[in-house]
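Now for the letters of each chain:
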Amino acid sequence: VVRWVRLMGGNVGMRRVGEGLEDLSDRFFGENENSLTMREIKLRDPYFDVEVFTKDLQEDLIPKVIGAYLRGDLASIKPILSEGTYSTLDALVRDRISQNVHIDPRILDIRHVEMQTARLIDGDPHLVYTFRVQQVNCMRDASGKVIEGGPDEIQSVYYQWALRQSEEFETDVPWLIVHMGIQGAHKTL
């Protein structure tokens with residue numbers, strides 16, 4: 001745009017106008033859904049930084065949520081789960097309780113926490129993350145007898161989460177986990 005202004009005999013001071021037109025053009029033609037979603041996130045939270053958010057997921061939220069699920073302590077994470085996600089996890093925990101089995105809650109490592117996409121759904125920003133958790137694969141019955149896996153069996157579990165930013169959410173984490181899924185798992189040791 002600036003080059004075109006110069007060719008037409010325009011003033012170098014037109015550079016600011018040209019840059020503004022380029023920005024406007026990017027808004028209409030160059031932005032993809034990820035960038036539009038990130039813009040909406042920044043409007044709601046001007047201090048949002050995707051790298052810091054990803055690091056917080058890895059160091060705080062993922063171990064807290066996965067650990068609570070493995071322990072069967074959903075009450076501690078209920079405020080950060082959507083109703084649907086909570087209902088799904090609650091059904092799984094209740095099934096374990098009805099069978100009188102316990103899962104080893106040890107998490108050994110969390111890696112490859114990566115944002116896969118950002119989307120606006122019903123006006124709210126959603127971020128989709130994938131990550132790998134190494135956890136002990138050991139299920140015991142009420143007497144403590146191992147009925148699946150073993151205390152030394154390490155499993156890599158590949159998760160996918162979708163998180164929704166909400167303006168009304170009034171807890172320490174202004175995001176709700178609206179989807180939790182396991183993409184796959186394999187024995188490591």
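Residues numbered from 1 in each chain as written. Predicted model: local features only at pLDDT ≥ 70, side-chain atom pairs only at ≥ 80, totals over all residues. Heavy atoms only, no water.

Draft legend 1. Highlighting the pairing of strand β2 (residues 107-121). Where β2 lies against strand β3 (residues 124-141), 11 bridges are found, and the strand directions are antiparallel. Along β3, the bridge assignment pairs M115 with Y129. Between β2 and β3, which pair antiparallel one after the other, the connecting turn spans 2 residues, and D122 there sits at a positive phi close to 55 degrees. (Pairing = 2+ DSSP bridges. Helix = DSSP H or I, 4+ residues; strand = E, 2+ residues; numbered from the N terminus.)

Draft legend 2. Main features of the confidence of the model for the chain. Averaged over all residues, the pLDDT of the chain equals 85, while 79% of them reach at least 70. Below pLDDT 50 for its whole length, residues 1-22 participates in 9 contacts with residues either more than four positions away or in separate chains. (pLDDT = per-residue confidence, 0-100. Contact = heavy atoms within 4.5 Å.)

Draft legend 3. Highlighting the nonpolar core. Formed by 32 residues in total, the largest nonpolar core has its most connected members in L57, I62, W161 and L163. Counting residues per element, the ones that place at least two in this core are α4 (50-71), α5 (83-99), β2, β3, β4 (146-165) and β5 (175-187). At 9 residues, α4 tops the list of elements feeding residues into this core. Residue contacts for L57: discarding those within four places in its chain leaves I62, P63, V113, Y129, W161 and L163. (Core = buried A, V, L, I, M, F, W, Y, C linked by side-chain atoms within 4.5 Å. Buried < 20%, exposed > 50% of the residue type's maximum accessible area, 1.4 Å probe, protein only.)

Draft legend 4. Molecular detail of the side chain of N137. Relative to the assigned elements, N137 resides in strand β3. A distance of 2.6 Å separates a polar atom in the side chain of N137 from a polar atom in the side chain of E153. Not counting residues within four places of it along the chain, the set of residues in contact with N137 comprises E148, G149, G150, E153 and Q155. (Polar contact = N/O pair within 3.5 Å; in protein donor to acceptor, adjacent residues only side chain to side chain.)

Draft legend 5. Spatial organisation of the side chain of D104. Tracing the backbone through its elements, the reader meets D104 in the loop between β1 (101-103) and β2. Among the residues examined, D104 registers a relative accessible area of 13% and is labelled buried. Not counting residues within four places of it along the chain, the set of residues in contact with D104 comprises L70, V136 and C138.

Draft legend 6. Just the pattern of salt bridges, in detail. Overall, the coordinates contain 9 salt bridges when judged by the stated rule. A salt bridge links R106 to D104, with the shortest nitrogen-to-oxygen separation between them at 2.8 Å. The partner of K187 in a salt bridge is E153, and the shortest N-O contact between them spans 4.0 Å. With K187 in strand β5 and E153 in strand β4, the pair connects residues that are 34 residues apart, well separated along the chain. Its relative accessible area of 55% is what places K187 among the exposed residues. (Salt bridge = Lys/Arg side-chain N within 4 Å of Asp/Glu carboxyl O.)

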